[in-house]
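Given next are the chains, with one letter for each unit.
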Amino acid sequence: MRKILLLAKREYLSSVKTKAFFVMVALMPVLMSGGIITVAVMESQVDTEAKRIGILDRTGQIAEAVAEAARIRNENAIRDPETGEQTNPAYEIEIITPEEDAAAQRVALSQRVRGQELHAFVEIGANVIRPPAGGPPTAAERITYHAPNAIFHDARRWIRGAVQNQIRSIRFAAEGLDRGLINRLFNCPDVEGASLVSVDATGGVKDAVKSHEGRAIGVPAGMMFLMFMMIMVGAAPLVNAVLEEKMQRIAEVLLGSVKPFELMVGKLLGTVAVSLTVLAIYLAGGIGALYYLELEDFVPFEVLPWLIVYMIAAVFLFGSLLIGLGAACNDLKEAQSMMMPVWVLMMVPMMVWMQVAKYPEGAFATIMSLIPPFTPMLMLIRQSTPAGVPAWQPWLGLVGVAAFTVLCVWGAGRIFRVGILMQGKPPSIGSLLKWAIRG
Amino acid sequence: MTNAVELENVTKTFGQHTAVDDLSLQVPRGSVYGFIGPNGAGKTTTLRMIMTIFYPDSGVIRVFGDERHEACADRIAYLPEERGLYKKMKVRELLIFYAGLKSSADVRPEVDRWLEKLGLTDWAHKKVEALSKGMSQKVQFIAAIASKPDMVILDEPFSGLDPVNADVLKDAVLELRQSGTTVIFSTHDMNTAETMCDRIFMIFRGRKVLDGTLRDIQDQYGSDVIRLQTDGNTAALQNLPGVERIRDHGQSQELRLADGGDPQVVLAEVMARTRVRRFELARPSLHDIFVRIAGPEAGEASHA
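Residues numbered from 1 in each chain as written. Chains lettered and ligands numbered in written order. Predicted model: local features only at pLDDT ≥ 70, side-chain atom pairs only at ≥ 80, totals over all residues. Heavy atoms only, no water.

## Brief notes about unusual backbone geometry
Where the residue is not glycine, phi is negative for most of them; where a peptide bond is considered, it is trans in most cases. Residue and element names in this part refer to chain B. Positioned with a positive phi, Arg 205 is a non-glycine residue whose angle comes to about 50°. You can see Arg 205 is positioned in the loop between strand E8 (199–204) and strand E9 (207–212). For Arg 205, a relative accessible area of 47% translates into the label partly exposed. Of note in this structure, Asn 239 is not a glycine but carries a positive phi near 55°. Note on Asn 239: relative accessible area 70%, which makes it exposed. (Helix = DSSP H or I, 4+ residues; strand = E, 2+ residues; numbered from the N terminus. Buried < 20%, exposed > 50% of the residue type's maximum accessible area, 1.4 Å probe, protein only.)

In structure tokens, the structure reads:
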């Protein structure tokens with residue numbers, strides 16, 4: 001035991017006492033959440049330059065109203081009401097008189113868009129207000145928005161609203177209906193998601209909490225990414241560590257002093273300690289951040305002990321597989337191909353987590369989360385959804401993970417024992433299994 | 001004197017290849033025991049079995065009289081042939097770690113003593129990757145012995161060292177011997193084996209071919225070597241009566257007498273042909289014996 005702890009301590013210090021470790025601890029959350037942050041940053045960086053849009057209105061009844069709507073919008077809706085900072089571009093509407101040669105006019109307008117004189121031009125067909133019944137819509141019944149990249153233009157969405165509004169107003173007026181009345185009649189409340197109502201300890205009824213997207217998806221996702229990061233931080237470097245010991249013949253020196261199994265367990269314990277250290281840093285940071293943002297309700301305190309227990313199991317499980325396979329290889333290149341199955345096992349939860357988080361009580365989620373290599377991540381997701389899971393399932397999952405982990409450590413220990421001193425051709429999967437079973 | 005290591009009929013195979021074949025061996029306590037043998041003969045496998053890194057397929061290995069000798073592993077230090085040091089660790093840290101795996105006592109004084117003795121004190125806080133080859137070999141040596149083991153097993157301890165460093169390590173080995181430590185080392189340098197070892201053991205194709213003191217071994221081969229320096233060249237030495245083989249060293253020659261060859265006759269004949277400057281009747285050197293057993297022309301003889 002003294003030797004195992006000594007090995008674990010060395011493994012721990014050799015990981016933690018490096019600059020690379022600090023860089024990684026700092027960068028990992030950035031990389032993991034990089035996508036989300038980038039998108040958020042990009043969205044806040046909107047283009048606020050005024051957009052000039054030509055409207056070729058063949059009905060003669062719409063363009064004026066759109067231009068008026070744009071003028072009202074430019075005055076009222078493009079600035080942040082508190083700071084007064086401009087957050088959206090202004091739209092300038094240019095009303096274009098239809099010419100006889102429609103095709104030539106379209107070409108001319110397209111040319112103006114290409115010349116960046118116009119942001120886009122809109123053609124409103126002559127019959128859009130009162131389309132003849134039946135038959136497929138003809139050109140005269142369509143509204144088209146022309147731009148080099150029309151699909152992604154925010155202006156298109158706004159134009160649609162403004163044009164449709166005007167068409168409806170004209171139709172209402174024709175039928176003698178009051179626009180204000182219609183608006184009032186159509187004004188209904190939204191359907192909000194809310195949790196179930198329960199009775200608390202004092203017998204009082206706890207009010208349902210309003211469901212929050214962040215709580216429903218963000219927390220489970222956060223928990224899963226945390227778990228995944230811990231496995232990556234802890235287990236992944238083990239391959240390199242084992243290869244170093246094998247290639248530098250350090251293993252031979254160590255095995256003169258300790259048994260192979262002691263060596264492996266020592267490495268695993270050191271690795272678990274590294275993961276726990278990083279987890280402590282991230283949890284402290286994450287919880288601190290949520291409190292700072294006054295989102296402390298989001299912290300799933302009841303799930304945290306499970307996070308720690310599952311993480312220890314997962315690091316042991318994947319770590320032992322990586323150590324065993326690493327010991328069987330002679331260099332990094334070989335190891336990379338050998339590791340593929342293990343990476344796949346790690347990635348499966350990443351592929352199905354959405355489904356599991358959305359329907360945590362479904363059969364798919366239940367079964368997947370009870371398959372040992374997936375349990376640490378998927379059970380954790382289900383536990384951190386607002387719905388939760390039946391109390392027995394995490395325990396059953398834990399028993400499965402523990403049993404599977406013992407199996408992996410045992411088998412990997414046997415592969416490790418044979419592989420660590422073996423040089424030359426890497427063994428096939430078949431002979432690895434043989435080593436694991438027969439020892 | 002009790003034996004530090006006893007091997008009885010030990011066999012170890014790897015797949016089809018028999019690395020060690022029915023080997024028996026006794027290493028007396030407190031002796032310096034030299035393992036010689038060509039590459040791939042089974043030296044390292046034997047050493048690893050003594051270290052319990054490998055287990056024999058059959059046969060018994062006793063260390064300090066104990067058959068289940070994993071428990072004794074802490075009393076044995078091992079310096080493998082290829083150096084195994086963590087490159088990113090600092091020298092002293094690494095030594096304390098390695099020695100600490102063997103000994104629960106405080107190993108720091110012994111580590112510092114050896115660092116000083118081998119002239120590495122200035123490097124104690126440098127990373128291993130900054131060391132030269134000779135230095136890292138000395139570090140590896142300290143790693144093996146800083147736990148004050150009762151026996152050290154050194155696989156090629158002096159290979160690749162310059163003469164100065166080799167002497168430093170040889171002195172260290174002799175110091176260990178004086179303090180009563182049993183030393184087993186393998187070497188390709190016959191000179192080292194001749195001068196340092198109390199007993200020499202040679203393994204060839206997994207089998208023991210020599211075992212005993214240098215004198216015992218040389219006695220087996222008799223005084224059948226003539227070392228010769230003449231004014232002539234080897235051409236003058238061709239077809240001498242009673243001479244089996246000539247080895248030319250350039251400035252001197254070594255003749256091996258055939259069975260029943262008479263050195264007096266050889267001397268007379270050589271004197272008749274050229275001027276003799278040196279004529280010495282000698283026992284074969286260990287080098288010579290090694291080559292006779294394992295050399296290319298000895299193939300048939302050793303099979304017999």
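## Let's talk about the interface of chain B and chain A
Taken together, the 25 residues of chain B in the interface contact 20 residues of chain A. Together, the buried faces of chain B and chain A total about 2,100 Å²; carbon and sulfur atoms form 58% of this surface. Of all residues in chain B, the largest losses of buried area upon contact with chain A belong to Tyr 86, Phe 97 and Leu 101 of chain B, amounting jointly to 30% of the total for that side. Along the contact surface separating chain B from chain A lie two salt bridges. Scanning the region where chain B abuts chain A turns up seven residue pairs in polar contact (both at pLDDT 80 or more). Considering each element in turn, the side of chain B that touches chain A owes the most residues, six residues, to helix H2 (residues 91–102) of chain B. Classifying every residue of the side of chain B that touches chain A by side-chain character gives twelve nonpolar, five polar and eight charged. (Contact = heavy atoms within 4.5 Å. Buried area = accessible area lost by both parts, 1.4 Å probe. Salt bridge = Lys/Arg side-chain N within 4 Å of Asp/Glu carboxyl O. Polar contact = N/O pair within 3.5 Å; in protein donor to acceptor, adjacent residues only side chain to side chain. Nonpolar A, V, L, I, M, F, W, Y, C, P; charged D, E, K, R; others polar.)

## What to know about the domain arrangement of chain B
Under the domain assignment, chain B is made up of domain 1 (3–216) and domain 2 (223–282). Distance from the C-alpha centre of domain 1 of chain B to the C-alpha centre of domain 2 of chain B: 40 Å. (Domains from an automatic or database assignment.)

## Side note on the sheet that holds strand E1 (residues 3–14) of chain B
Residues and elements named next belong to chain B. Pairing within the open sheet is antiparallel, and its three strands lie in the order E2-E1-E4. Each edge of the sheet is formed by a strand with only one pairing partner; in this case those strands are strand E2 (17–28) and strand E4 (58–63). This sheet shows a mean twist of 15° between the axes of neighbouring strands, independent of strand direction. Of the strand pairs in this sheet, E1 and E4 are connected by five bridges, and their pairing is antiparallel. Residue pairing in the sheet places Glu 8 in a bridge with Val 60 of E4. This element, helix H1 (residues 43–50), spans E1, E2 and E4 of the sheet and lies at about 120° to E1. (Pairing = 2+ DSSP bridges. Axes fitted to C-alpha atoms, helices over the stretch in contact; angles between N-to-C directions.)

## Some words on the environment of Leu 109 of chain A
Residue and element names in this part refer to chain A. Its place among the elements puts Leu 109 in helix H4 (residues 102–114). For Leu 109, a relative accessible area of 4% corresponds to the buried category. Remark: the alpha-carbon pair of Leu 109 and Gly 54, spanning 55 residues in sequence, is separated by 8.2 Å. Setting aside residues no more than four positions away along its own chain, Leu 109 makes contact with Leu 56, Ile 96, Leu 118 and Phe 121.

## A short note on the packing of aromatic side chains
One pass over the structure, following the stated rule, counts 13 aromatic pairs over all chains. A centroid spacing of 4.9 Å and a plane angle of 75° characterise the contact between Trp 306 of chain A and Trp 395 of chain A, whose relative ring orientation is edge-to-face. Of the two residues, Trp 306 of chain A sits in helix H10 (residues 304–328) while Trp 395 of chain A sits in helix H14 (residues 392–419), which places them 89 residues apart along the sequence. For Trp 306 of chain A, a relative accessible area of 14% gives the class buried. Ring centres of Trp 114 of chain B and Phe 141 of chain B lie 6.2 Å apart, and the angle between their planes is 80°; this geometry places the pair in the edge-to-face category. Linking Trp 114 of chain B in helix H3 (residues 108–117) with Phe 141 of chain B in helix H4 (residues 133–145), this pair joins segments that are 27 residues apart in sequence. Each member of the pair, Trp 114 of chain B as well as Phe 141 of chain B, carries the same accessibility label: buried. An aromatic cluster is built from Trp 306, Tyr 310 and Trp 395 of chain A, whose rings are joined through pairwise contacts. The ring centre of Trp 158 of chain A lies 5.8 Å from the NZ or CZ of Arg 73 of chain A, which sits over that ring. One residue, Arg 75 of chain B, lies across the ring of Phe 64 of chain B, its end atom 4.2 Å from the ring centre. (Phe/Tyr/Trp six-rings, centres within 6.5 Å; stacked < 30°, edge-to-face > 60°. Lys NZ or Arg CZ within 6 Å of the ring centre and 35° of its normal.)

## Describing the state of the cysteines
Residue and element names in this part refer to chain A. Scanning all chains against the criterion turns up zero disulfides over all chains. Free of any disulfide, Cys 329 has its nearest cysteine sulfur in Cys 408, 16 Å distant. Assessed through its relative accessible area of 8%, Cys 408 is described here as buried. (Disulfide = S-S within 2.5 Å.)

## Topic: the sheet that holds strand E2 (residues 91–96) of chain A
Residues and elements named next belong to chain A. Here four strands make up an open sheet; going across it, the order is E2-E1-E3-E4 and the pairing mixed. What marks the edges here is a single partner per strand, and that holds for E2 and strand E4 (143–146). Across the sheet, the mean angle separating the axes of adjacent strands is 20° when strand polarity is ignored. As paired elements, strand E3 (residues 120–124) and E4 share four bridges and run antiparallel to each other. Residue pairing in the sheet places Val 122 in a bridge with Tyr 145 of E4. Those strands touched by helix H3 (residues 63–76) are strand E1 (51–57) and E2, and its axis lies near 165° from that of E2.

## What about the nonpolar core?
Counting residues in hydrophobic clusters, the biggest one holds 170 residues, and the most contacted among them are Tyr 98, Phe 141, Met 151 and Ile 184 of chain B. Once residues within four sequence positions are removed from consideration, Ile 184 of chain B is found in contact with Val 5, Val 27, Tyr 33, Phe 35, Leu 47, Ile 50, Met 151, Val 152, Ile 153 and Leu 154 of chain B. (Core = buried A, V, L, I, M, F, W, Y, C linked by side-chain atoms within 4.5 Å.)

## What to know about the domain arrangement of chain A
Quite often, the size of an interface is put as the accessible area lost when its parts meet. Its domain assignment divides chain A into domain 1 (51–182) and domain 2 (211–438). For domain 1 of chain A and domain 2 of chain A, the distance between their C-alpha centroids amounts to 56 Å.

## Details of the confidence of the model for chain A
On average, residues of chain A score 83 in pLDDT, and 92% of them reach the 70 mark or higher. Confidence, read as mean pLDDT per element, is least for strand E6 (residues 205–206) of chain A in chain A (64) and greatest for E3 of chain A (92). (pLDDT = per-residue confidence, 0-100.)

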